[in-house]
Amino acid sequence: MSAQSANTAAAAPAVKLLINGEWVESAATEFRTVVNPATQAVLARVPLATPAEVDAAVGAAQRAFATWRHTPLGARLRIMLRYQALIREHSKRIAAILTAEQGKTLADAEGDIFRGLEVVEHACSIGTLQQGGFAENVAATVDTYTLQQPIGVCAGITPFNFPAMIPLWMFPMAIVCGNTFVLKPSEQDPLSTVELVKLALEAGVPAGVLNLVHGAREVVDALCTHPDVKAVSFVGSTAVGTHVYELAGAHGKRVQSMMGAKNHAVVLPDAHREHTLNALAGAAFGAAGQRCMATSVAVLVGAARDWLPELVAKAATLKVGAGHEPGTDVCPVVSVAAKQRVTGLIDAGVREGATLLLDGRGVQVPGYPDGNFVGPTVFADVTTEMSIYTQEIFGPVLVVIGVDTLDEAIALVNRNPFGNGTGVFTQSGAAARKFQSEIDVGQVGINIPIPVPVPYFSFTGSRGSKLGDLGPYGKQVVQFYTQTKTVTARWFDDATVNDGVNTTISLR
Ligand code: NAD
């Protein structure tokens, strides 16, 4: 960091913590900076919260749980109704903040918020989502029913790439189920998350029900080991997700980790050519490839291999630029370090013998000499041993592999350890049906490049992309954020005949 930017950083405002309904300055001595990826302007300083602050946030959540868990369902869902209206109202304003701190285009930032808003809309259906079951007369005068009860303080740890959507995957569903929450957003871009938390308070979320702490490893570890935290939701890289899963699990918590990916798009020669090439280019290079569901591998089957020059030509037309500039297709990556990692992997691809058909290194964007830009990059002749195939690049880099048959393509995808998302492009129902049946990946798109399920379903990444049984949002997360209690009840009326002591396990 230069002396000048160090001064700017020191002058930048510090992001506050939210503890028990109060926005408080952290007593932290260590800070990170939030930096605009297109300009390197320092937007804010993020404290690495102290252990006492994490403890205070969990304590506030624990105390609030005592009353919040008994708040009527209707009251909870009406807060969500107000919340969804507020998010809609403030969407453009928050999108501008999101673009400034994360880099993605304004349209994509609005999409980030919208996909989270959909979860809040779904949270408004909690009246039916959190219903238990009932069986009458399981024995004479005996009924059995289940209650879906909240579990207590839940914690959420979120990544940089969706600072609106992923926090909204977590806390609305957790709190509408009657839990309280401590959120730890990415320290790289917490500002739009803070705005969404402010709106939740405005919608009526009571003090202590939603708390916000900032930090990195120490704060995450403190949440994963705190005795009063009952469940941990994590979304981020595989290395950290595995650590969180193991640590929180070892401390007896319910835990779900959504992690890294390598998503294959399988293109059959009968696919709709123009639609497919547009879909591949959008899904590989949109958001500069920084989506866990980005298409990072194109598998061209048979004669579809001939489409490669057209795919490269399309990628070359995409405009690289700052996210707030109209017409930008490919935004900067989030940080200088991320750019170094991505270009380092491109170097490795060249070194390892892949054919670099389009090189995004060294791209210049007029007016933004300091931006973390990497242009669309396409590799052909890639083998499955190369690091550009084995590693998640998380940049605008598409690797292309040619195979002869659909069977070979399915086997290739199934050999890859990740299982977040995949897609097949074809006009054949039979081929698509075979693909959806035989592919061992948790989320499948058919002529859809980024098949992130809508919130009435759940996010169902699988294998190396996920640890834990239940995914975020949808019906699965209601299970994750509740404990099923089963009640077996007998009520005697005056006519009930007393037939003596029952020494068996049978209900009579
Ligand atoms: P990351 O793992 O670096 O950070 C995620 C969170 O963990 C952040 O809040 C961060 O502060 C915290 N953290 C970082 N280092 C830590 C450590 N050593 N110990 C404990 N906590 C730590 O991830 P990222 O770079 O912010 O996000 C990109 C990654 O997230 C990619 O791998 C992407 O595929 C993945 N992702 C997955 C999904 C999914 O649903 N599967 C969705 C979005 C992103």
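This text goes with the structure placed above it.
Residues numbered from 1 in each chain as written. Predicted model: local features only at pLDDT ≥ 70, side-chain atom pairs only at ≥ 80, totals over all residues. Heavy atoms only, no water.

Visitor: Can you walk me through the pattern of salt bridges in this structure?
Guide: Throughout the structure, instances matching the rule amount to 18 salt bridges. Close ionic contact of K92 with E110 constitutes a salt bridge, the shortest N to O distance being 3.1 Å. Taken together, the residues K92 in helix α3 (residues 73-102) and E110 in helix α4 (residues 106-123) connect sequence positions 18 residues apart. Given a relative accessible area of 59%, K92 falls into the exposed group. Taking relative accessible area as the criterion, E110 reaches 27% and is therefore assigned partly exposed. For D108, the salt bridge goes to R291, with nearest N and O atoms at 3.1 Å. Taken together, the residues D108 in helix α4 and R291 in the loop between α10 (273-285) and β13 (295-301) connect sequence positions 183 residues apart. No difference in accessibility class separates D108 from R291, as the two residues are buried. Among the charged side chains, a salt-bridge network with shared partners connects R32, K184 and E187. (Salt bridge = Lys/Arg side-chain N within 4 Å of Asp/Glu carboxyl O. Helix = DSSP H or I, 4+ residues; strand = E, 2+ residues; numbered from the N terminus. Buried < 20%, exposed > 50% of the residue type's maximum accessible area, 1.4 Å probe, protein only.)

Visitor: Even after reading the chapter, I still don't get the pairing of strand β15 (residues 377-380), so can you show me in this structure?
Guide: Each regular strand carries side chains that alternate between the two faces of the sheet. Across the two faces of β15 the burial is the same, with T377 and F379 and V378 and A380 all buried. Where strand β14 (residues 355-358) meets β15, three bridges bridge the pair, whose relative direction is antiparallel. Paired with L358 across the bridge in β15 is V378. Sheet topology note: the β15/strand β16 (residues 397-403) ladder contains three bridges and is parallel. (Pairing = 2+ DSSP bridges.)

Visitor: How should I be thinking about the site of the ligand in this particular structure?
Guide: In the vicinity of the ligand, 28 residues are found, and the nearest of them are T158, K184, E187, S237 and E392. G236 is positioned such that a nitrogen or oxygen atom in its backbone is 3.2 Å from an oxygen atom of the ligand. Note that an oxygen atom of the ligand is positioned 2.6 Å from one of the side-chain N or O atoms of E392. Relative to its unbound accessible area of 830 Å², the ligand is 88% covered by the protein chains. Of all the secondary-structure elements, those providing two or more residues to the shell around the ligand are α6 (165-176), α8 (217-225), β10 (229-235) and α9 (238-250). (Near = heavy atom within 4 Å. Polar contact = N/O pair within 3.5 Å; in protein donor to acceptor, adjacent residues only side chain to side chain. Areas by Shrake-Rupley, 256 points an atom, 1.4 Å probe, with all protein chains shown as cover.)

Visitor: Got a minute to help me understand the packing of α8 against α9 in this structure?
Guide: Helix-helix packing: each pair is described by the crossing angle between the helix axes and the interaxial distance. Direction vectors running N to C along α8 and α9 enclose 35 degrees, while the axes themselves pass 8 Å from each other. As α8 runs across α9, the sense of the crossing is right-handed. Note on element contacts: α9 touches α8 through H243, V244, L247 and A248, opposite R217, V220, D221, C224 and T225. Considered class by class, the residues forming the contact of α8 with α9 number five nonpolar, two polar and two charged. (Axes fitted to C-alpha atoms, helices over the stretch in contact; angles between N-to-C directions. Left-handed = near helix turned anticlockwise from the far one by under 90°. Contact = heavy atoms within 4.5 Å. Nonpolar A, V, L, I, M, F, W, Y, C, P; charged D, E, K, R; others polar.)

Visitor: Sorry if this is basic, but what is going on with the packing of aromatic side chains here?
Guide: How two aromatic rings sit relative to each other is set out by the distance from centre to centre and by the angle between their planes. Counted by the stated rule, this structure contains eight aromatic pairs. On the numbers, 5.9 Å between centres and 90 degrees between planes, the contact of F160 with F394 is edge-to-face. One end of the pair, F160, is in the loop between β7 (153-157) and α6; the other, F394, is in the loop between α13 (387-390) and β16, and 234 residues separate them in sequence. Here the two residues F160 and F394 agree in accessibility, since each one is buried. Taking 4.8 Å as the distance between ring centres and 45 degrees as the angle between the ring planes, the aromatic pair formed by W169 and F459 counts as tilted. Here the residue W169 occupies a position in helix α6, and F459 occupies one in the loop between β19 (444-446) and β20 (462-463), the gap between them amounting to 290 residues. (Phe/Tyr/Trp six-rings, centres within 6.5 Å; stacked < 30°, edge-to-face > 60°.)

Visitor: Any chance you could explain α9 here in plain terms?
Guide: For an α-helix, 3.6 residues make a turn, and residues three or four places apart therefore share a direction. The terminal C-alpha atoms of α9 lie 18 Å apart, and with 13 residues this matches the ideal 18 Å at 1.5 Å per residue to within 8%. Turning to α9, its buried residues are G241, V244, L247 and A248. The arc that holds the buried residues of α9, viewed along the axis, is 140 degrees, so those residues lie on one side. In α9, the exposed positions angled more than 90 degrees off the buried face are occupied by A239, E246 and A250. (Expected span 1.5 Å × (residues − 1). Arc of directions from axis to C-beta.)

Visitor: Teacher, can you tell me more about the packing of helix α14 (residues 406-415) against helix α15 (residues 429-438) here?
Guide: Following both chains from N to C, one finds α14 and α15 inclined at 25 degrees, their axes separated by 11 Å at the closest point. By the angle between their axes, α14 is roughly parallel relative to α15. Considering how the two elements wind past one another, α14 and α15 form a crossing that is right-handed. Within the contact between the two elements, α14 uses L406, D407, I410 and N414 and α15 uses A431, K434, F435 and E438. (Parallel < 35°, antiparallel > 145°, perpendicular 65-115°, else oblique.)

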